[in-house]
Amino acid sequence: IKKASKKYNVSEDLIRAVIKIESGYDVYSVSRVGAMGLMQLMPKTALELGVEKPFDIEENIDGGTKYLKMMLDRYNDDLDKALSAYNAGPDAVDKANGIPNIEETKNYVKLIKKQLLK
């Protein structure tokens, strides 16, 4: 987490919050839609990020943080939009021009922000 935080200039607290909400720190977590590992990378996204072993802790955190940084940059550090894009994809955020009207995504953003306050 420290290494990825420094490498991509993303706060350790944000990385930890995403891991907590995404996988509950379960290295081998696989979602119902196939997202994998600590930061729940989708197979296609993992490949695009150069993550060959999504269940490898270091690779997963590096890839997930890189993607999170890409979303933060894309949305000018707008945390709501960046987190929404991490959860639902940037197309959904662009279409909605903000948090998409998807219950899971709205809850996701709330949970991450609540985790950041702990």
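Refer to the structure printed above.
The following refers to the structure shown. Keep in mind the model is a prediction, meaning the values are calculated, not measured.

1. Digging into the pattern of salt bridges
Inference 1: For the coordinates displayed, the defined rule picks out eleven salt bridges.
Inference 2: Among the ionic pairs, Lys7 bridges to Asp62, the shortest N-O distance being 3.0 Å. Of this pair, Lys7 sits in helix H1 (residues 2–8) while Asp62 is found in helix H4 (residues 57–74), placing the two residues 55 residues apart along the sequence.
Inference 3: Among the residues examined, Lys7 registers a relative accessible area of 55% and is labelled exposed.
Inference 4: Notably, a salt bridge pairs Asp80 with Lys113, separated by 2.7 Å at the nearest N-O pair. Of the two residues, Asp80 is situated in helix H5 (residues 79–88) and Lys113 in helix H7 (residues 103–116); the sequence distance between them amounts to 33 residues.
Inference 5: When its relative accessible area of 24% is taken as the criterion, Asp80 is described as partly exposed.
Inference 6: One connected set of salt bridges, linked through shared partners, spans Lys2, Glu12 and Arg16.

2. Some remarks on the side chain of Asn60
Inference 1: In this structure, Asn60 sits in helix H4.
Inference 2: With a relative accessible area of 0%, Asn60 lands in the buried category.
Inference 3: Of the polar contacts made by the side chain of Asn60, one reaches the backbone nitrogen of Leu38; its length is 3.4 Å.
Inference 4: From its side chain, Asn60 meets the backbone oxygen of Pro54 in a polar contact 2.7 Å long.
Inference 5: In contact with Asn60, other than residues within four places in its own chain, are Met36, Gly37, Leu38, Met39, Gln40, Leu41 and Pro54.

3. What about the layout of surface pockets?
Summary: where empty space remains is shown by rolling a probe the size of a single water molecule over the atoms.
Inference 1: Counted as a void, the largest pocket has a volume near 590 Å³.
Inference 2: Looking at the largest pocket, it is lined by 26 residues, and the ones nearest its centre are Ala35, Gln40, Met42, Tyr86 and Asn87.
Inference 3: Partitioning the lining of the largest pocket into residue classes produces 14 nonpolar, six polar and six charged.

4. Focus: the packing of H5 against H7
Inference 1: In the contact formed by H5 and H7, the axes pass within 9 Å of each other and the chain directions differ by 125°. In this view, H5 runs oblique relative to H7, as classed from their interaxial angle. Where H5 crosses over H7, the two elements pack in a sense that is right-handed. Between H5 and H7, the residues in contact are Leu79, Asp80, Leu83, Ser84, Tyr86, Asn87 and Ala88 and Glu104, Thr105, Tyr108, Val109, Ile112, Lys113 and Leu116, respectively.

5. Things to note about H5
Inference 1: Looking only at H5, the buried set comprises Ala82, Leu83, Ser84, Ala85 and Tyr86.
Inference 2: The inward-facing, buried residues of H5 abut helix H2 (12–23), H4, helix H6 (90–96) and H7.
Inference 3: Positive phi shows up at Gly89, right after H5, with a value of about 95°.

Conventions and cut-offs
Residues numbered from 1 in each chain as written. Predicted model: local features only at pLDDT ≥ 70, side-chain atom pairs only at ≥ 80, totals over all residues. Heavy atoms only, no water. Salt bridge = Lys/Arg side-chain N within 4 Å of Asp/Glu carboxyl O. Helix = DSSP H or I, 4+ residues; strand = E, 2+ residues; numbered from the N terminus. Buried < 20%, exposed > 50% of the residue type's maximum accessible area, 1.4 Å probe, protein only. Polar contact = N/O pair within 3.5 Å; in protein donor to acceptor, adjacent residues only side chain to side chain. Contact = heavy atoms within 4.5 Å. 1 Å grid on protein atoms, 1.4 Å probe; cavity = no way out; pocket = protein on both sides within 12 Å on 5 of 7 lines; lining within 4 Å. Points joined across faces, edges and corners; volume = space filled by probe spheres on them. Nonpolar A, V, L, I, M, F, W, Y, C, P; charged D, E, K, R; others polar. Axes fitted to C-alpha atoms, helices over the stretch in contact; angles between N-to-C directions. Parallel < 35°, antiparallel > 145°, perpendicular 65-115°, else oblique. Left-handed = near helix turned anticlockwise from the far one by under 90°.

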